[in-house]
Amino acid sequence: MNIYLLILVIGVIIIFSTLAMYLLMPFYLPYYSIISKNLISNQYILNIPPNTTLVLKNVTLDQNSYSIEVITNYSNTNVIIVNPDGVAYNNTGYIIYNPQYPGNYTIKLGNPSDSQITVRVNYAVLPSYYISSFYSLSGIISTFLEVLFVIGIIVSGYGLIKIISSRRTKPKPEKRIRN
């Protein structure tokens, strides 16, 4: 077997293995199913009038080891979490909030635009270590898989270029003259 063909095949195997590992991340990442189920079970669709803020949910936390995660499908939506002291924390489209102490927290959504928007919002209240473990490990694995994918592209590209260039530079067979 041609060595360059073998290199090409190895590169393609790396690419497809990386894609498979990336697509299968939900099956081996810790807490993925717990976070996903909580976000899906707490899904709402809201019509938010222009320049308005609506209360999505009031949440009571009994202990400070929990986090509040809010995700929207509209990146310009202001996601606001108000703590028991009335201090607001906000971000656009997405927020993970780690409360400092137990109490009543209010999740609000704001529309800063001049037209009404329809927003799908999901939220979850989970132990902080679930969320931090999930996101830190998924970031590390994603970065590793991206590097591996690029290596696969480089290896298969090298093999393909060598195969093509070796065919172009291959000498043509000489014709035999019969006597």
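The rules behind each value
- Residues numbered from 1 in each chain as written.
- Predicted model: local features only at pLDDT ≥ 70, side-chain atom pairs only at ≥ 80, totals over all residues.
- Heavy atoms only, no water.
- Pairing = 2+ DSSP bridges.
- Helix = DSSP H or I, 4+ residues; strand = E, 2+ residues; numbered from the N terminus.
- Axes fitted to C-alpha atoms, helices over the stretch in contact; angles between N-to-C directions.
- Contact = heavy atoms within 4.5 Å.
- Patch = residues over 30% accessible without salt bridge, like charges linked within 9 Å, V, L, I, M, F, W, Y side chains within 5 Å.
- Areas by Shrake-Rupley, 256 points an atom, 1.4 Å probe, with all protein chains shown as cover.
- Salt bridge = Lys/Arg side-chain N within 4 Å of Asp/Glu carboxyl O.
- Buried < 20%, exposed > 50% of the residue type's maximum accessible area, 1.4 Å probe, protein only.
- Core = buried A, V, L, I, M, F, W, Y, C linked by side-chain atoms within 4.5 Å.
- Phe/Tyr/Trp six-rings, centres within 6.5 Å; stacked < 30°, edge-to-face > 60°.

Chemist: Mind showing me how you'd approach the sheet that holds strand β4 (residues 78-82) here?
Modeler: Within a beta sheet, neighbouring strands are joined by backbone hydrogen bonds and run either parallel or antiparallel to one another. Pairing is antiparallel across the open sheet formed by 4 strands, whose spatial order is β2-β7-β4-β5. With one partner strand each, in any of the chains shown, β2 (52-61) and β5 (88-92) form the two edges of the open sheet. Here the strands of the sheet are splayed against their neighbours by 20° on average, with no regard to which way each runs. Here β2 runs beside strand β7 (residues 103-111); their pairing, made up of 9 bridges, is antiparallel. If you follow V55 over to β7, its bridge partner there is K108.

Chemist: Would you mind going over the sheet that holds strand β1 (residues 43-48) with me for this structure?
Modeler: If you walk across this open sheet you meet the 4 strands as β1-β8-β3-β6, and the pairing is antiparallel. Edge positions in the sheet fall to β1 and β6 (94-97), since each of these pairs with one other strand and no more. Direction aside, neighbouring strands of the sheet carry axes that sit 20° apart on average. Sheet topology places strand β3 (residues 66-72) next to β6; 4 bridges connect them, and they run antiparallel. Directly across from I68, in β6, lies its bridge partner Y97. Helix α3 (residues 32-41) rests against β1, β3 and β8 (117-127) of the sheet, and its axis sits at about 135° to β8.

Chemist: What's the story with a nonpolar patch on the surface in this structure? I'm lost.
Modeler: Residues M21, L24, F27 and Y28 make up a contiguous nonpolar surface patch of about 440 Å² in total accessible area. Tracing the backbone shows L24 in the loop between α1 (3-23) and α2 (25-28). Take L24: its relative accessible area is 44%, and that puts it in the partly exposed class.

Chemist: Mind showing me how you'd approach the nonpolar core here?
Modeler: In summary, soluble globular proteins display a tendency toward joint burial of nonpolar side chains. Membership of the largest hydrophobic core comes to 18 residues, with the highest contact counts inside it found for I68, V70, I81, I107 and V121. Elements represented by at least two residues in this core include exactly β1, β2, β3, β4, β6, β7 and β8. Considering each element in turn, this core owes the most residues, 4 residues, to β8. When near neighbours in sequence (up to four residues on either side) are disregarded, I107 contacts L54, V55, L56, K57, V59, I68, V70, I80, I81 and Y123.

Chemist: Could you clarify how one ought to interpret the packing of aromatic side chains in this entry?
Modeler: For any two aromatic rings, the description comes down to two numbers: the centre-to-centre distance and the angle of the planes. According to the stated counting rule, one finds 9 aromatic pairs in the structure shown. With centroids separated by 6.4 Å and ring planes inclined at 75°, the aromatic side chains of Y4 and Y158 adopt a geometry described as edge-to-face. A residue pair is termed long-range when its members are at least 10 positions apart, and Y4 in helix α1 and Y158 in helix α4 (residues 128-169) qualify at 154 residues. Of the residues examined, Y4 reaches a relative accessible area of 25% and is grouped as partly exposed. Look at Y89 and Y97: their rings are 4.8 Å apart centre to centre, the planes differ by 35°, and that puts the pair in the tilted class. Ring pairs connect the aromatic residues Y31, Y129 and Y130, which therefore count as one cluster.

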